[in-house]
Amino acid sequence: MKRSFLISVALLSLASALLYWTVPGKRTDIPVIYWVTQDDENKRATVAAFQQWMADEHLPPVELRIDNTNQEPTKKLVQGLSGVGSDIMDLYGYEADLFPATGMIQDVTEDAKRLGFSPAATYPALAPDFIINGRQFGFPRNAGVSLNWINRGTFAKYHVPEPPMRWTMDEFEALGKKFVAAANPPGTRERIYFTNLVPREQLRRGLGLANYNETSTRCTLDDPRNVQILERVRRWTVEDHLIPSREEGEAMAADISGDGSMFSHFTSGRFAMIYVGQWALIILRPRGTFQLRAVEPAIDGFVNTDMGGGAVSVYARSKHLEESVRFLQFLTSPHFNNLIARIADGLPPVPKYAETEEFLRPAAHPNEWGTAAVFAEEARTTGITMSKSPFVLQSILYRVEKELTETMVSGRMTAAEAAKAMGDRLNAEIQLRIDHDPALRKLYDQRVAIQRQIDARRAAGKPVPAAWINDPFHLAYYRAHGWLEKEATP
Amino acid sequence: MAETHPPFRKNTAHQAQRSGPWLSLVLVALSLLMIAPFVWMALTSFKTLSESSDPEWMPGAFHWENYPEVFKIIPFLRFAANSLVIAGWVTVLQVFTSALAAFSFARLEWPGRDRVFFLYLATMMLPGLVTLIPTFQLMVRMDMVDTYLGLVLPAAFGAFGTFLLRQFMLGIPRALDEAAEIDGASKWQIFWDVILPLSRPGLVTLAIFTFMGNFQSFFWPLVMMKTVDKFPLPVGLMFFDTERGQATHLLMAAVTMSVVPLIIIFVLLQKQLIRGIQLGGVKG
Amino acid sequence: MSGLGQRGSPRRRLVSGIAFLLPNILGFAAFTLVPLVMSFGIAFTDWDTLRHNIFRHETLRFVGFENFSWLFHHPDFLHYLSNTFFLMLGLPFAIAGSLGAALLLTRVSHRPVARRGAFIFATLFLTGSGLLLRLGGMSQVGVWFIFGVLAAVSLVAGVLTGGSVYRTLFYLPNFTAGVATFVLWKKLYNPSGPINAALGPVLDGFASVVRSAPGLFSWGVPLACGVVATALTLWQLWRLRQHWDDATAGTVSVVTGLLMLAVPVGLQLHWFGLSAVTAVGGPLGVVLIGAVLILKRPRRWGPVCARDAGLSAEIALALGLVPLLTLLAVGVTWGSQLPALAAVGLPAPNWLGDYDWAKPAIMIMGLWAAIGSNNMILYLAGLSNIPPELYEAADMDGASPLQRFWHITWPQLAPVTFFIGVMGVIYGLQGGFEMARVMTKGGPAGSTTTLSYFIYIEGFETGRLGYASAAAWVLFALVFILSLLNFRFGNRSAND
């Protein structure tokens, strides 16, 4: 036994030495920066394009390496907060909110103005995603809205007419019921759904309701309009079976990241439509040639779509700040934008590249023609980014809203109770945070004062200055209804 | 210690009348139940991506090319080697230091012994999550982030091994110790020549547990490592889980392959375990 | 029984004790103790990673017990706590499962009859599978062919290796990285996945049976379950009384036995619609009355026994009785709905997507993993250390297998069971984090959120590490108390 112990120690030492010496050397002459993102051929192409662009701009060479574990926000957070984060990070979902708030993201406002990647370079509606309190913390590497992708083959199979470009919730319900009845004759084991989800935030916005009020100081989800929407969602899920319940949906999404099988259900015809961005093409293209169309989500009232962009940001403690910031500049270059247009990874961040023939009508994919134009048009006209508040972390909003909606759908709560609970919990969260953070409290008090003035003016029917409104939806809504003061032209 | 092998003592002697060919059936049935998910996993590794989400067990055709594909996407051998070496070191350190510590707790009497032992035990009761960030910051200060050492050291000194070996050592009759003591053996000699060989089943058991456990550890290496070449296997498997979806068929192929070295190690170690148990069957 | 090192001054003993301890305790102190103490301190501050990090140098504020009071006021805290405890209900099954597996593995016989039998079965399986293959073609019945071949191969290998191949097969679940196992099971639990596909025909058959006699099932099942449950409860009460009279059970054992009964009774009342408070208060009241009634009885034989005599037997029985009674309570509560469900074809449950089935789904997965787990190995080691003379003596006294198990095997395995019990409680209460993160994200509607997942969310997604640390230390306190109890009562029997 002692012999085998000694042998194993010897073997291990040998193996460790081998492993250690075969790690690619860190010492190189050119600086190396790490980019936490996906490691696939598209990203590798991006790295190659970056090298090309650096050469064309006559900038000193830099090696860009990809660190693939970006699915794990925990890792980015822990490493970032301890001073050893990666130089360039992709920010997803709630990270775009949380990470800059910790201070670990470099404020690039000045660099942006100097090097040309300020918000003016991209879609104006996208700005709230990477601008926080007037300071810029990154730049989008793509843009896009989410729309309903239609599998024309599925509609044709059941002889159900396709939806129009713009439709109301009632039309959605009627068409949905028709489809579901045709596709699910009695005795069907595997139910076929109309679509995978309906965008609740967009439905609310149609009725004029956002997550927060104009100054983002109060959560407004306890409004009766939300009860309406929740009740509809419940009916569509539980009674009409137009969409799978969250439970059914999550069970169907049988992998960690959760998106994979939505697409396979779309291609196999279990979803007639799916609500997702233009990047769906990346997944759909390898799976076959499907006749595709894109239409707006069914919304009553104020037409709006969900605009978002994947932001790239720079780590505040990066050892190569200058080079990392250059990467953000690269995102405005033709090298990068043409690449995005070609691989259909959402819309290129610089709008003019979404107008090229190659983007709108890619030669290799005639089955997609028409969809790109719709996405580009919607991004320009109806896209509004998600409502956020500096007083509530987006992850909390997301989680509370999701859990309470699930509870309501499963019948454990009425829609009214769920809406009230959402409002209560999120407003309690706001109070909690301002209680603990004096700087936030100051901001809150300032904004509450402004909110009072807004309410007074609205009640009197007087216009409101645009600068008073923080929430992007309310800004767009007010603008569309002419409730804003005439803006002085700069 | 004479290395004579006592005659093989079958505990099953008295049960021979009961078992028969039917027992094999029961065992086989249970085994099939246990490995059914693995059969599914292995079969899925031959499917195409869209088939991998289907409920059908069998792939339409056997896509053997999934396996070489795995090697193209990730440096599988490197990851596996990392895992094996890291787990190996953790096991060696854990077994060795725990044996020493367990001896101290089980056999030596010193003031405060039981209190310190309970402290050991108590440290296992705190969820590891909340010590993650303090530990990580400690690593930063020691400059061990993104190093192999940082993966080995924190894992090698847990209280589990000490607890397990102490229980094993408590079961060894003291008559042997006392005999050795009368012969004038020092404590170290008693440990090295008497207790340690008799604790063989415990040591091998701990080795198996530690190795398997560390091989599978995911969260800590995830947070610690940045250089891809140093990733252990579970973290490396994340490469199949992209933001665009999961390459299930390839992931299953990778997992199937990763099971193979573990099975080999287990088969080898369990022979040791059984031999040790038989040799250690001390008269009660 | 003198220990080593009784000779020598306390100082000398201390030195040698610490000397052996040193390598381990140095690493332990550095990598385990220090972060632990830090996290304890953090629990009393308002550390929020958003504000207190190397970029925003705000000062950390000491807030005393505020985090803890927050925690207890959290609307879902009790829900998460009960989730954590609920998942622990699987522990007795897990222990029983691994013990059963170990017992089976040690009974493999080497007699020629057994070997011949195995070979015969193997041939049967091979030919059967081959026939299926010919008839059905690869794709349709391919799976059965594969299983048939596997069965045959296992049988032959079992014979050739003297049973050790079964050991490896049972332990197989442990070979996959934990995360991979979760991914695997998540796919298996897919409502249109393999498990439901296999369950489908079974449920259909059962549904038609139920449909043919709906009345019978709607009152028959609850009635049967209720009768059996009541009978078992009464039997346990009678048994406790008997043991008290016979002075084989002490006060503590009787109270424990009664308390264990209160759990399924309380659950049943709660499911009947009583509020949680009544459901808990009622049985507790009954327990008190029962305790008084029993304990006030005079002992039949005079001499009094130790207060905790018979406790290990009580606990062992409770481990089996409580889950059984709980299952029966399930039958009583929902048995009457069977015909209604059967009318719609008794759909297979949605497992991870269903609020009521998510936790049982996880427990089933846990059971699968537990049968051939580390615990089984420990039991194998423990079983092999039982001196065969004990069994031979029992055989000579004409003991039945059950008596052999109950009076020899089980007590001899007490140290192992104790260890497994302690570790089971420790890891069980802390667990559920990886599983929730990979499989369910704590859903649906928070039904699979355990305290440890809650700690993860609070600590890492919202950054409130002070708060998360407080929750972790509350969890620690729970584990500590339970382990203490386990120690006091289990350790005694282990060292007997």
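Residues numbered from 1 in each chain as written. Chains lettered and ligands numbered in written order. Predicted model: local features only at pLDDT ≥ 70, side-chain atom pairs only at ≥ 80, totals over all residues.

**Overview of the overall build of chain C**
Argument step 1. For chain C, the helix and strand inventory stands at 21 helices and zero strands.
Argument step 2. Buried positions account for 43% of the 496 residues belonging to chain C. (Helix = DSSP H or I, 4+ residues; strand = E, 2+ residues; numbered from the N terminus. Buried ≥ 20, exposed ≤ 12 C-beta atoms within 10 Å, placed from the backbone.)

**What about the overall build of chain B?**
Argument step 1. Scanning chain B for helices and strands turns up 13 helices and two strands.
Argument step 2. In chain B, buried positions account for 55% of the 284 residues.

**Overview of the sheet that holds strand 6 (residues 139–140) of chain A**
Residue and element names in this part refer to chain A.
Argument step 1. Spatially, the five strands line up as an open sheet ordered 2-1-3-12-6, and their pairing is mixed. The sheet terminates laterally at strand 2 (63–67) and strand 6, the two strands that pair on one side only.
Argument step 2. Pairing analysis gives two bridges linking strand 6 to strand 12 (residues 311–314), with the strands arranged antiparallel. Directly across from Pro140, in strand 12, lies its bridge partner Ala311.
Argument step 3. Relative to strand 12, helix 13 (residues 321–330) is tilted by about 165°, and along the sheet it contacts strand 1 (32–36), strand 3 (88–91), strand 6 and strand 12. (Pairing = 2+ DSSP bridges. Contact = placed C-beta atoms within 7 Å. Axes fitted to C-alpha atoms, helices over the stretch in contact; angles between N-to-C directions.)

**Description of the interface of chain C and chain B**
Argument step 1. On the side of chain B, 89 residues touch chain C, which itself brings 103 residues to the contact.
Argument step 2. In terms of residue class, the side of chain C that touches chain B is built from 64 nonpolar, 33 polar and six charged. (Nonpolar A, V, L, I, M, F, W, Y, C, P; charged D, E, K, R; others polar.)

**Details of the domain arrangement of chain C**
Argument step 1. Split by domain assignment, chain C resolves into domain 1 (66–108 + 350–496), domain 2 (109–188) and domain 3 (201–348).
Argument step 2. Taken together, the 16 residues of domain 1 of chain C in the interface contact 17 residues of domain 2 of chain C. (Domains from an automatic or database assignment.)

**Remarks on the packing of helix 4 (residues 90–106) of chain C against helix 18 (residues 414–430) of chain C**
Residues and elements named next belong to chain C.
Argument step 1. One can describe the packing of helix 4 onto helix 18 by two numbers: an axis separation of 11 Å at closest approach and a directional angle of 140°. One element, helix 4, and the other, helix 18, form an angle in the oblique class. Of the two elements, helix 4 crosses helix 18, and the hand of that crossing is right-handed. Along the contact surface, helix 4 presents Leu91, Ala94 and Ile95, while helix 18 presents Thr417, Ile420, Gly424 and Gly428. (Parallel < 35°, antiparallel > 145°, perpendicular 65-115°, else oblique. Left-handed = near helix turned anticlockwise from the far one by under 90°.)

**Side note on the confidence of the model for chain C**
Residue and element names in this part refer to chain C.
Argument step 1. Overall, the predicted model of chain C reaches an average pLDDT of 77, with 86% of residues at or above 70.
Argument step 2. Within chain C, helix 2 (residues 66–73) carries the highest mean pLDDT (85), whereas helix 13 (residues 338–343) carries the lowest (70).
Argument step 3. Complex prediction metrics read pTM 0.78 and ipTM 0.75. (pLDDT = per-residue confidence, 0-100.)

**Looking at unusual backbone geometry**
Residue and element names in this part refer to chain A.
Argument step 1. Positive phi, close to 55°, is recorded for His159, a residue that is not glycine.
Argument step 2. Among the secondary structure elements, His159 is positioned in the loop between helix 6 (152–157) and helix 7 (169–183).
Argument step 3. Positive phi, normally seen in glycine, also occurs at Ser216, with a value near 55°.
Argument step 4. Tracing the chain through its elements places Ser216 in the loop between helix 8 (200–206) and helix 9 (224–239).
Argument step 5. Ser216 gets classed as buried once you count the C-beta atoms within 10 Å, which come to 25.

**What to know about the packing of helix 3 (residues 76–106) of chain B against helix 6 (residues 148–156) of chain B**
Residues and elements named next belong to chain B.
Argument step 1. Contact geometry for helix 3 and helix 6: axes closest at 9 Å, N-to-C directions at 35°. Of the two possible hands of crossing, helix 3 and helix 6 adopt the one that is right-handed. Side by side, helix 3 and helix 6 meet where Ile86, Trp89, Val90, Leu93 and Gln94 of the first sit next to Tyr148, Leu151, Val152, Ala155 and Ala156 of the second.
Argument step 2. Looking at side-chain class alone, the contact of helix 3 with helix 6 contains nine nonpolar, one polar and no charged residues.

**Some words on the domain arrangement of chain B**
All names here are of chain B.
Argument step 1. Domain boundaries assigned for chain B yield domain 1 (19–64) and domain 2 (74–279).
Argument step 2. Contact with domain 1, which involves nine residues of that partner, is made by seven residues of domain 2.
Argument step 3. Its residues assigned to classes, the side of domain 1 that touches domain 2 shows three nonpolar, five polar and one charged.

**What to know about the pairing of strand 2 of chain A**
Residues and elements named next belong to chain A.
Argument step 1. Where strand 1 meets strand 2, five bridges bridge the pair, whose relative direction is parallel. Within strand 2, the position partnered with Ile33 by the bridge is Leu64.
Argument step 2. Read as a crossover between parallel neighbours, the route from strand 1 over helix 2 (residues 41–56) to strand 2 is right-handed. (Right-handed = clockwise from strand over helix to strand, strands pointing away.)

**Re the confidence of the model for chain B**
All names here are of chain B.
Argument step 1. Residue-level pLDDT values for chain B average 78, and 85% of them are 70 or greater.
Argument step 2. When pLDDT is averaged over each element of chain B, helix 3 comes out on top at 89 and strand 2 (residues 245–246) at the bottom at 64.
Argument step 3. Ignoring residues within four places in sequence, the model shows residues 1–18, a span with pLDDT below 50, making 21 contacts including any to other chains.
Argument step 4. Counting contacts from residues 279–284, a segment whose pLDDT is below 50, to residues more than four positions away or on other chains yields ten contacts.

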